[in-house]
Amino acid sequence: HRPALRARGVRPRLALAAGLGIRPRIRVRRCLCGYAGTGAPLTWKRVRLLFQALEMAAEGGSTGFVVGQRVLDKKGDAATVKYVGPVATSKSAETVYVGLEWDDETRGKNDGSVTTADGAVVRYFTTSPGRGSFLKVALVDAGTSFVAALIDRYEGSTLDAVGGAGTVETASGRDLEVEFVGEDQIRGKQRLARNKNVALRGCRVATFDGDGKIAATCPNIEDLDLRDNLLYDWASLAPLGQQLPRLAVLNVSGNRFAPAAEGAIASLAGNFNALRVLVLSRTGTPWRDAVMVAQAMPTLEELHVCENGVVSLAPVGASSAAEESKGNDGGESVDSLAMVEGLSSLKVLNLSDNSVSSWREVWRLSQLPKLEQLLLEGNALTDVRYWPSDDAAGAVPFRALKFLSLASNAIASWDVVDRLRHFPSLDSLRFQRNPVTESAGPTEMRMVVIARLPALRTLNGSEVRPRERSDAEKTYLRRAGDAFALEHGLSSALDAFGAGASAIEAAASDATAGGAGGAGAGADVPRGTVPRDSELALKLLAEHPRYFDLLDEHGHVLVAAAADAGGATLAASVVKVTLRSMAAASCTVEPVERRLPLSMTIGSLKVMMQKIFKCELSAQRLSFKESGGAMFPTVLDDDSQTLSYYGVTDKGDILMEEIDPREAAREKAEQEAELAARMEKQLKQGEALRRHEQAAAAAQRAGASAAAAAAEPSDA
């Protein structure tokens, strides 16, 4: 195995020492003659162990196991090394075992301890029950080097197996001679020196070759995917940056890195001068480590830190926002918050699927000068605030932010949406799957968000076109005014607060000329007589900050519509829709137009559909599609809700599909179970990180106390 070991930069003596569990400085000859200097005779068992160690080193390029290292077993299950050495329950005290903490909490057999025959418990490391194991060295895979994985992935023996002439069996059973054509051309395309995009996901990469081997093999790599490998040490990435000067995208998701040491981060500085995108998702990397790593890469524009259990966004040396806010006027002041710095080129930050619950933590990012996209989907945020800078010469917070994702959080108030108006550059938003949006149908939710945010151009990935905005603002104006009028005993908010004098006069004259006679004018409060600075108007503005702006812009249209309707109420209670069947048994039945009250429930609508299309209630799935087909259909999945709840409008289509009720119930149960599991995982990650931060803070305080005690002068 000596040639294979040397080809991978592994010294055979070190591989032997690691396999036998001896000190590397002991010579091989001495080991064979005296077995680690103990005088024990050489046995065939030890010889077999020797060859197993050499084989593993030749295949994986590892020089041994160290605590914190990432490994696999023969089945491919991943684990972290927690101990290397003999185990008390082994038949031979000379056998070396590797203590493992499995990623799968149910994979192991113990908690890092063993129980001897006399009942004594010997602990080697600590983990949760059923997550630890002790395996012999030969059963543990330490992975391979980057170049070895690259050659195996892109220059394997596939072409050697099919090159040249051969035969294949035809459908009639005859052998047909074939010749592989274009082998040289294909090999030319596979030349690693020309590859710019390389994917080595799940290829057991554990180390990076030095001495220029990476540069000699594949110097032009720009996009590198190293997801789900066996990387664990930040310092090990340095040779990669040194030898790949064009590397722009690096994805190391799914590799579990050990806590960053100061020296390890320092080794990265100056080695990744072209890197623009770094993905650290599912690495267990604390936020402070992620910031330090990113700061070592000055050209970084995108940073992805998803599913890492992040709770606090405090930078290195700062406490959490909760601690900093003590004594600050109920925690509203942000003057004492330590801001994240040193990421002057960062444009995209992805913190999805973490456990951030305080917007004060997010505010630490507000001074990043080029931050354009901030993804906070799948966290636990309940509120969003905007604190303008008190210093006239100070930088505007979030001055470059254009896109914000708040989907799948815990936001339960529309006030949060209203506050988003204060972000100076925000024009794109994701906001689905929040408690406040669950109280309204998808169509109505979209209408409300568009109407409340005048600068919004994209919502939930769909463009907000001018026609959609105009319709949304008019609908919102009418519904918000009607709800407020009903609550405060007004005939109409439009009648009470007016729509602009010129618009009202024009609408009234048109109505009089048409014979309407101004019917529909407010009976309780004359039109436009409630001052807009009155207490009643201020209440309306508190609930709907844009109401008067929308009233001045669209109020004359609503006045004209009321006059044309002969003074009928502005809250239209009936819509005209087309009922269509998409079911196989009734898809040939002609569509039917119906005028339906907005108060009709989905359950009642299903009864109507059953009479028309002869489809059982339990087999129906209804959806609403707006006229023009610009949006995806809205599923009407709650029989107790009304058409108004789902935002059903005129000239739309009600579509009926036939489904298997049992399959639909199963899918719903799976979705609910998946959501519950995801929430439980996030809670566990957050709790684990909190315990880790508390322990780190306690250790820091203890170290500071010890240093202070050592600094005190001793008594003479």
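Keep in mind that this is a model prediction, so the values were computed, not measured.

Draft legend 1. Structural view of the overall build of the protein. Looking only at helices and strands, the protein has 23 helices and 27 strands in total. Of all 716 residues assigned to the protein, the portion counted as buried reaches 44%. Excluding contacts between residues fewer than 6 apart, the proportion of contacts in the protein whose partners are at least 24 apart in sequence is 72%. If you sum the accessible surface of the protein, you get close to 36400 Å²; carbon and sulfur atoms cover 52% of it.

Draft legend 2. Representation of the packing of aromatic side chains within the structure. Under the counting rule described, the total for this entry stands at 13 aromatic pairs. The interplanar angle of 80 degrees and the centroid separation of 6.4 Å between the aromatic rings of tryptophan 359 and phenylalanine 423 together place this pair among those described as edge-to-face. One end of the pair, tryptophan 359, is in helix H13 (residues 359-362); the other, phenylalanine 423, is in the loop between helix H14 (415-419) and strand S20 (428-430), and 64 residues separate them in sequence. Judged by relative accessible area, which is 5%, tryptophan 359 ranks as buried. Where tryptophan 363 meets tryptophan 387, the ring centres are 5.1 Å apart and the plane angle is 85 degrees; that geometry is what we call edge-to-face. With tryptophan 363 in the loop between H13 and strand S18 (373-375) and tryptophan 387 in the loop between S18 and strand S19 (403-405), the pair connects residues that are 24 residues apart, well separated along the chain. Judged by its relative accessible area of 2%, tryptophan 363 is buried. The buried category is assigned to tryptophan 387, whose relative accessible area is 18%. Three or more aromatic residues link up through ring pairs in this structure, and these residues are Trp359, Trp363, Tyr386, Trp387, Phe398 and Phe423. Directly above the ring of tyrosine 154 sits arginine 153, whose terminal nitrogen or CZ lies 4.9 Å from the centroid.

Draft legend 3. Focus on the pattern of salt bridges. The full count for this structure, using the stated rule, is 25 salt bridges. Salt-bridge contacts for aspartate 103 lead to arginine 70; the nearest nitrogen and oxygen are separated by 2.6 Å. Here arginine 70 lies in strand S1 (residues 70-73) and aspartate 103 lies in the loop between strand S3 (97-102) and strand S4 (113-115), a separation of 33 residues in the sequence. For arginine 70, a relative accessible area of 2% puts it in the buried group. Residues glutamate 377 and arginine 433 are paired through a salt bridge, measuring 3.0 Å at the closest nitrogen-oxygen approach. Of this pair, glutamate 377 sits in the loop between S18 and S19 while arginine 433 sits in the loop between S20 and helix H15 (435-438), and the two are 56 residues apart along the sequence.

Draft legend 4. The sheet that holds strand S27 (residues 653-658), seen in detail. Within the open sheet, the five strands sit side by side as S24-S23-S27-S25-S26. Their pairing is mixed. At either end of the open sheet lies a strand with only one pairing partner, and these are strand S24 (592-597) and strand S26 (634-636). With direction set aside, neighbouring strand axes in the sheet form an average angle of 35 degrees. Of the pairings in the sheet, the one linking strand S25 (residues 620-625) to S26 comprises three bridges and is antiparallel in character. Bridge assignment links phenylalanine 624 to a residue of S26, and that residue is threonine 634. Of the strands in this sheet, strand S23 (574-581), S24, S25, S26 and S27 touch helix H22 (residues 602-613), which is tilted by about 50 degrees from S23.

Draft legend 5. Just the sheet that holds S18, in detail. Taken in spatial order, the 11 strands line up as S11-S13-S14-S15-S16-S17-S18-S19-S20-S21-S22 in an open sheet, and their pairing is mixed. On the outer flanks of this sheet lie strand S11 (197-199) and strand S22 (462-463), each paired with one strand and no other. Where strand S13 (residues 223-225) meets strand S14 (residues 249-251), three bridges bridge the pair, whose relative direction is parallel. Across the sheet, the residue bridging to aspartate 223 is valine 249, located in S14.

Draft legend 6. How the structure looks around the environment of lysine 576. Inspection of the secondary structure puts lysine 576 in strand S23. Owing to a relative accessible area of 38%, lysine 576 belongs among the partly exposed residues under this scheme. Along the backbone, lysine 576 and leucine 596 are 20 residues apart, and their C-alpha atoms lie at a distance of 6.3 Å. In contact with lysine 576, not counting residues within four places along its chain, are Glu593, Arg594, Arg595, Thr649, Asp650, Lys651 and Gly652.

Draft legend 7. Structural view of the nonpolar core. Residues Phe146, Leu226, Leu365 and Leu406 are the most contacted members of the largest nonpolar core, which totals 108 residues. With residues up to four places along the chain from it excluded, the contact list for leucine 226 reads Phe146, Leu200, Val205, Phe208, Leu231, Leu240, Leu250, Asn251, Val252, Ser253 and Asn255. Leu579, Met609, Leu643 and Ile654 belong to the second largest nonpolar core, which has 22 residues in total.

Draft legend 8. Summary view of the side chain of aspartate 209. With respect to the secondary-structure elements, aspartate 209 resides in the loop between strand S12 (205-207) and helix H8 (213-217). A distance of 3.4 Å separates the side chain of aspartate 209 from the backbone nitrogen of phenylalanine 146, its partner in a polar contact. Aside from chain neighbours lying at most four places away, what touches aspartate 209 is Ser145, Phe146, Val147, Ile214, Pro239 and Gln243.

Draft legend 9. Representation of the layout of surface pockets within the structure. The space that makes up the second largest pocket amounts to roughly 1600 Å³. Lining the second largest pocket are 41 residues, with Asp103, Arg131, Arg256, Thr283 and Gly284 sitting closest to its centre. When residues of the lining of the second largest pocket are traced back to their parent elements, those giving at least two are S1, strand S2 (78-85), S3 and helix H23 (661-711). In terms of residues, the lining of the second largest pocket owes the most to one element, H23, which gives eight residues. The residue inventory of the lining of the second largest pocket, partitioned by class, reads 12 nonpolar, 14 polar and 15 charged.

Draft legend 10. Focus on helix H11 (residues 287-295). Within H11, burial applies to Trp287, Asp289, Ala290, Val291, Val293 and Ala294. Contact partners of the buried residues in H11: helix H10 (262-268), strand S15 (277-279), strand S16 (302-304) and strand S17 (348-350).

Draft legend 11. Here's a closer look at the confidence of the model for the protein. Confidence along the protein averages 78 in pLDDT terms, with 72% of residues attaining 70 or more. Counting interchain partners and residues more than four positions distant, the pLDDT-below-50 stretch residues 501-526 has 31 contacts. pLDDT under 50 marks residues 565-572. Its contacts with residues more than four places away, or in other chains, come to 16 contacts.

The rules behind the values
Residues numbered from 1 in each chain as written. Predicted model: local features only at pLDDT ≥ 70, side-chain atom pairs only at ≥ 80, totals over all residues. Heavy atoms only, no water. Helix = DSSP H or I, 4+ residues; strand = E, 2+ residues; numbered from the N terminus. Buried < 20%, exposed > 50% of the residue type's maximum accessible area, 1.4 Å probe, protein only. Contact = heavy atoms within 4.5 Å. Areas by Shrake-Rupley, 256 points an atom, 1.4 Å probe, with all protein chains shown as cover. Phe/Tyr/Trp six-rings, centres within 6.5 Å; stacked < 30°, edge-to-face > 60°. Lys NZ or Arg CZ within 6 Å of the ring centre and 35° of its normal. Salt bridge = Lys/Arg side-chain N within 4 Å of Asp/Glu carboxyl O. Pairing = 2+ DSSP bridges. Axes fitted to C-alpha atoms, helices over the stretch in contact; angles between N-to-C directions. Core = buried A, V, L, I, M, F, W, Y, C linked by side-chain atoms within 4.5 Å. Polar contact = N/O pair within 3.5 Å; in protein donor to acceptor, adjacent residues only side chain to side chain. 1 Å grid on protein atoms, 1.4 Å probe; cavity = no way out; pocket = protein on both sides within 12 Å on 5 of 7 lines; lining within 4 Å. Points joined across faces, edges and corners; volume = space filled by probe spheres on them. Nonpolar A, V, L, I, M, F, W, Y, C, P; charged D, E, K, R; others polar. pLDDT = per-residue confidence, 0-100.

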